[in-house]
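# Breakdown of the fold
This is what each chain is made of:
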Amino acid sequence: MKIALLAGDGIGPEIVAQAERVLRFLMADGLKMELESGLLGGCAVDATGEPFPEATRKLVIEADAVLLGAVGGLKYDNLPREKRPEQGLLTIRKTLNLFANLRPVILYPELANASTLKPEIVAGLDILIVRELTGDIYFGQPRGIEQRDGQRVGFNTMIYSESEIRRIAHIAFQAARRRQGKVCSVDKMNVLECTQLWRDIVTETAQTYPDVALTHMLVDNAAMQLVRDPKQFDVIVTGNMFGDILSDEASMLTGSIGMLPSASLNDQNKGLYEPIHGSAPDIAGKNIANPLATILSTAMMLRYSFNQEIAASRIEHAVKKVLKQGYRTADIFESGMKRVGTVEMGDAVLANM
Ligand SMILES: NC(=O)c1ccc[n+]([C@@H]2O[C@H](COP(=O)([O-])OP(=O)(O)OC[C@H]3O[C@@H](n4cnc5c(N)ncnc54)[C@H](O)[C@@H]3O)[C@@H](O)[C@H]2O)c1
Ligand SMILES: CC(C)[C@H](C(=O)O)[C@@H](O)C(=O)O
Ligand SMILES: [Mg+2]
């Protein structure tokens, strides 16, 4: 099992270091894995001039799975789009055809008071956001900024093909079968043709899954319903951009964006695993970032890419125990708990493994 580690920028190296300790612990305990680090994002721009250098391309193609921290930062904001750190991430997703992004939104009972909603509204919360990751306005052509009628206009194209919609819909329905059997498809069909097609194809695909209950919701309402009554959702399936926004919103129901892991999968079981948050430049280098989303992403990697259910649950149980024992990074801290830094949170997880 060869794993490419791409720590990236900002808090990336700090949080990936803790996940790497967890992987090395499992290796010392007999799990056969090989880890190799590579450059992606701003650190790659600094070293090579490119956000996704050739050596990293080779590494991720050859690896069985990729663990990523985060990319980006203020320093790179003035670069042209193709040189920006985020472009490196988008290019990896496209190169590996990682169209299915799974973002579990799970509230650990110990964090009920850290949620932005009242404990009774979020108790037992367990949503799976299935975000399409290689299409939509992120990749659609044409795009650009150009002169028209004496002024600049900026434009992007929201586009989905039937086959792109169908394959992500299948992922959502199959996931729902292993859960509560409910899929809510989120679109903006009242305004956007692209998402009218989305709704039509999801509805058509649902006919293969008579045992799954499908509902549709417009994205503005979905954003509101997530903070009104989030437990009405089981699986949410949506496009690239709506999924990006709704998952950041949903993360706060679990206490912090630092708690949400993700898996981005293609149809050959190859996966890239990363926390849903970014490089958090405001807290980078201070040993205060929450590493749990990244550590939980390694559990998803062991489960989805390597079928190592026991090792995956071992990590998840260790995280649960750490929270039970009262360890909290700043983002999930509440009085009476033990405030710890990034490294100490890693220590606590390892101690519980
Ligand atoms: N997958 C990725 O690599 C990814 C994802 C999102 C944003 N980004 C990039 O990251 C940079 C910063 O973006 P942003 O500030 O909008 O979003 P962000 O997710 O980096 O940070 C948003 C807020 O959440 C906090 N936060 C994020 N992760 C945390 C953690 N693990 N523990 C505690 N607090 C945490 C940050 O301190 C910040 O206040 C940008 O360049 C953006 O493009 C990268
Ligand atoms: C950094 C950015 C390109 C990325 C996205 O929009 O997909 C991020 O926000 C995410 O959620 O993974
Ligand atoms: Mg995002």
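Rules and cut-offs
Residues numbered from 1 in each chain as written. Chains lettered and ligands numbered in written order. Predicted model: local features only at pLDDT ≥ 70, side-chain atom pairs only at ≥ 80, totals over all residues. Axes fitted to C-alpha atoms, helices over the stretch in contact; angles between N-to-C directions. Helix = DSSP H or I, 4+ residues; strand = E, 2+ residues; numbered from the N terminus. Parallel < 35°, antiparallel > 145°, perpendicular 65-115°, else oblique. Left-handed = near helix turned anticlockwise from the far one by under 90°. Contact = placed C-beta atoms within 7 Å. Nonpolar A, V, L, I, M, F, W, Y, C, P; charged D, E, K, R; others polar. Core = buried A, V, L, I, M, F, W, Y, C linked by C-beta atoms within 7 Å. Buried ≥ 20, exposed ≤ 12 C-beta atoms within 10 Å, placed from the backbone. Domains from an automatic or database assignment. Near = placed C-beta within 6 Å. UniProt positions renumbered as here; feature names shortened; annotations may be inferred.

### As for the packing of helix α8 (residues 219–228) against helix α9 (residues 240–251)
Between α8 and α9, the shortest axis-to-axis distance is 10 Å and the interhelical angle comes to 15°. By the angle class used here, α8 and α9 are roughly parallel. Here α8 runs over α9; the crossing is right-handed. Every residue of α9 that contacts α8 at Val 219, Ala 222, Ala 223 and Leu 226 is listed here: Phe 242, Leu 246, Glu 249 and Ala 250. Across the contact of α8 with α9, the residue classes break down as seven nonpolar, no polar and one charged.

### Some points on the environment of Ala 7
Looking at the secondary structure, you find Ala 7 in strand β1 (residues 2–8). When the C-alpha positions of Ala 7 and Met 300 are compared, they lie 17 Å apart, and in sequence the two are 293 residues distant. Non-local contacts of Ala 7, meaning those with residues more than four positions away in its chain, are made with Gly 12, Pro 13, Val 16, Ser 37 and Gly 69.

### A closer look at the nonpolar core
Counting residues in hydrophobic clusters, the biggest one holds 106 residues, and the most contacted among them are Val 66, Leu 67, Val 130 and Ile 236. Looking at this core, the element that brings in the most residues is helix α10 (residues 292–304), giving nine residues. Built from parts of two domains, this core gets at least three residues from each of domain 1 (1–114 + 255–353) and domain 2 (122–254). In this view, Val 130 contacts Ala 100, Leu 102, Ile 168, Ile 171, Ala 172, Ala 175, Val 235, Ile 236 and Val 237; residues no more than four positions away in its chain are not counted.

### A look at the site of ligand 2
If you check the shell around ligand 2, you find Gly 72, Glu 86, Leu 89, Leu 90, Asp 244, Ile 276 and Gly 278 and nothing else. Considering each element in turn, the shell around ligand 2 owes the most residues, three residues, to helix α4 (residues 85–95). Residue classes in the shell around ligand 2 are distributed as three nonpolar, two polar and two charged.

### Quick notes on the UniProt feature "binding site: substrate" (unreviewed entry) in the protein
According to UniProt, the positions carrying the feature "binding site: substrate" (unreviewed entry) are Arg 93, Arg 103, Arg 131 and Asp 220. Over a stretch of 128 residues, the named residues are scattered through the fold, their C-alpha atoms separated by up to 26.7 Å. Relative to the assigned elements, Arg 103 resides in strand β4 (residues 100–106). Leaving out residues up to four positions away in the same chain, Arg 103 has contacts with Ile 129, Arg 131, Ser 247, Leu 260, Ser 262 and Ile 276. Secondary-structure assignment places Asp 220 in helix α8. With 13 C-beta atoms counted inside 10 Å, the residue Asp 220 sits in the partly exposed group.

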